[in-house]
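Each chain is listed here by its residues.
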Amino acid sequence: MHTQPINPPQRLLMGPGPINADPRVLRAMSAQLVGQYDPAMTAYMTETMELYRGVFRTANEATLLVDGTSRAGIEAALVSLIEPGDRVLVPIFGRFGHLLREIAERCGAEVHVREVEWGTVFPAAVLERAIEGIRPKLLAIVHGETSTTVAQPLDELGAICARHGVLLYTDATASLGGNEFETDAWGIDVVTAGLQKCLGGPSGSAPITLSPRAVSIVNERKSIEAGIRAPGDRVSAHPIRSNYFDLAMILDYWGPKRLNHHTEATSMLYGARECARLLVEEGLPAAVERHRLHGSAMVRGLRGLGLTLFGDQAVRMNNVAGVLIPDGIDGDAARAVLLADYGIEIGTSFGPLHGKVWRVGTMGYNARRDTVLLTLAALEQVLRRGGVAIPAGGGVDAALDHYASEQAA
Ligand SMILES: Cc1ncc(COP(=O)(O)O)c(C=O)c1O
């Protein structure tokens, strides 16, 4: 078979992620490999841990990468924390809450769920009542629910969990870097993320941070592999049910022991390190503000096109907006035209929202004024040619007015 070298078409990725990677991240990823115990490599690992402490806003020593996409971080967290039979509470407000439930069930947990309508979030008091009723070991909740574009406020939840002796895990894949997120100040025990949203990288590495309390729970179950075990090393009677995602062993690999586990995905580490460097260089508050500015300009522009937003706007993530697909428009066909004629990708939706809601992202490298204006201009044309009566230039005008008013403020 004769194939061509990889040469992907030019695309502007304005969906809910992945987005175009920052060129600095791509350059870092193309650097040559070194051995996994080369002092250069172990120094990169240590630097990456420190950089991600800045991104997660934590002092947690146990801040590292799990190799694999964001879902690998989720699985590592849940399989390492949950023992079969443990009670776990999963509040669900979209697709990724269902994913947490499914993974917790596969870990053998006794899973209890609470659900609210997609597009809304849970009041803290409702979660506290659920904790009181269920008395779980762990509460696992999504922060930014990409499927519905809203973010669950977490600022009170850590204190509530601490009051009831419950561990708190959250999936911040979609929100980290583009929305306020405070691991330590909010009292969150374990947080996982991914690179392909506000961090401006490709999927394939899952940053994670664990509080000292979470580390001690994980280490309780440490069982070092037979082939590398030394006399006196722990062999747990109730080991973590995955070898690859065994955070106790992964922590020994990233920690001073440097005990062999997997072979760290070197090119992904280079990329993940650069993602964090970019954010730390910009400053987390400035990055969040950039996402807020361009996200709100996109929202103003979408409204200017006469579109109706989906979800509770009071808790919308800065980096992704949902809009109702106008009557008479086939959502997937219109997305296909946007891609073919303009090279712009926006997102479809899952489950009950499929065919009803598009998701438009402004995140990471693509949280910029030019990308917002281009997307609005192209979408206007696609909608007009699809038969929707929309104000000429209404989207771009509204976004420009928004930028002007923000500048004046
Ligand atoms: C909130 C959230 N969690 C988990 C995932 C799964 O991530 P991945 O596809 O990188 O495994 C995604 C992906 O979009 C997400 O948005």
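Residues numbered from 1 in each chain as written. Predicted model: local features only at pLDDT ≥ 70, side-chain atom pairs only at ≥ 80, totals over all residues.

### Focus: the sheet that holds strand β3 (residues 87-92)
Consider a sheet: its strands pair through backbone hydrogen bonds, and that pairing is either parallel or antiparallel.
Now for step 1: Taken together, 7 strands build an open sheet; the order of strands is β2-β10-β9-β8-β5-β3-β4 and the sheet is mixed. Only two strands of the sheet have a single neighbouring strand rather than two, namely β2 (62-67) and β4 (110-115). Sheet twist, expressed as the average angle between the axes of neighbouring strands with direction ignored, equals 20°.
Now for step 2: Relative to strand β10 (residues 205-210), helix α9 (residues 266-282) is tilted by about 65°, and along the sheet it contacts β2 and β10. (Pairing = 2+ DSSP bridges. Helix = DSSP H or I, 4+ residues; strand = E, 2+ residues; numbered from the N terminus. Axes fitted to C-alpha atoms, helices over the stretch in contact; angles between N-to-C directions. Contact = placed C-beta atoms within 7 Å.)

### Details of the sheet that holds strand β14 (residues 357-361)
Now for step 1: The 3 strands are arranged β11-β12-β14 in an open sheet whose pairing can be described as antiparallel. Each edge of the open sheet carries a strand with a single partner, namely β11 (309-310) and β14.
Now for step 2: As paired elements, strand β12 (residues 320-324) and β14 share 5 bridges and run antiparallel to each other. In the sheet register, A321 faces β14, and the bridge partner there is V360.
Now for step 3: Across the sheet, helix α10 (residues 284-304) touches β11, β12 and β14, and the angle it forms with β12 is around 10°.

### Observations regarding the environment of A367
Now for step 1: Considering the arrangement of structural elements, one finds A367 in the loop between β14 and α12 (369-385).
Now for step 2: Judged by the 26 C-beta atoms lying within 10 Å of it, A367 falls in the buried class.
Now for step 3: Separated by 262 residues in sequence, A367 and E105 have C-alpha atoms that sit 36 Å apart.
Now for step 4: Those residues in contact with A367 that sit more than four places away from it in its chain are G178, R290, H291, H294, N319 and T362. (Buried ≥ 20, exposed ≤ 12 C-beta atoms within 10 Å, placed from the backbone.)

### A look at the site of the ligand
Now for step 1: The local shell around the ligand holds 13 residues, among which T69, S70, R71, T146 and T173 are the closest.
Now for step 2: Split by residue class, the shell around the ligand holds 3 nonpolar, 8 polar and 2 charged. (Near = placed C-beta within 6 Å. Nonpolar A, V, L, I, M, F, W, Y, C, P; charged D, E, K, R; others polar.)

### What to know about α12
Now for step 1: Between its terminal C-alpha atoms α12 stretches 25 Å, which fits the 24 Å expected from 17 residues at 1.5 Å a residue.
Now for step 2: T371, V372, T375, L376, A378, L379, E380, V382 and L383 are the residues of α12 that are buried.
Now for step 3: The secondary structure elements touched by the buried residues of α12 are β1 (12-13), α10, α11 (331-342), β13 (344-345), β14 and α13 (394-408).
Now for step 4: The first or second residue beyond α12 is G387, which carries a positive phi of 100°. (Expected span 1.5 Å × (residues − 1).)

### Here's the deal with the packing of α12 against α13
Now for step 1: Two numbers describe how α12 lies on α13: the axes approach to 8 Å, and their chain directions differ by 155°. Taken together, the axes of α12 and α13 lie roughly antiparallel to each other. Mapping the contact onto sequence places R369, V372, L373, L376, A377, L379 and E380 in α12 and G395, V396, A399 and Y403 in α13.
Now for step 2: The residue inventory of the contact of α12 with α13, partitioned by class, reads 8 nonpolar, 1 polar and 2 charged. (Parallel < 35°, antiparallel > 145°, perpendicular 65-115°, else oblique.)

### A look at the environment of P136
Now for step 1: Within the secondary structure layout, P136 lies in the loop between α5 (124-134) and β5 (138-142).
Now for step 2: Sequence-wise, P136 and R292 are 156 residues apart; in three dimensions their C-alpha atoms are separated by 35 Å.

### Examining the domain arrangement of the chain
Now for step 1: Under the domain assignment, the chain is made up of domain 1 (15-280) and domain 2 (284-408).
Now for step 2: The partner domain 2 presents 30 residues to the 33 residues of domain 1 that form the contact.
Now for step 3: Grouping the constituent residues of the side of domain 1 that touches domain 2 by class yields 13 nonpolar, 15 polar and 5 charged. (Domains from an automatic or database assignment.)

### What about the packing of helix α2 (residues 39-56) against α9?
Now for step 1: Interhelical geometry of α2 versus α9 gives an angle of 40° and a closest axis separation of 9 Å. What the angle tells us is that α2 and α9 run oblique. Between α2 and α9 lies a crossing whose hand is left-handed. Two secondary-structure elements touch here, α2 through M41, Y44, M45, E47, T48, L51, Y52, G54 and V55 and α9 through T266, L269, A272, R273, A276, R277, L279 and V280.
Now for step 2: Taken together, the residues of the contact of α2 with α9 sort by class into 11 nonpolar, 3 polar and 3 charged. (Left-handed = near helix turned anticlockwise from the far one by under 90°.)

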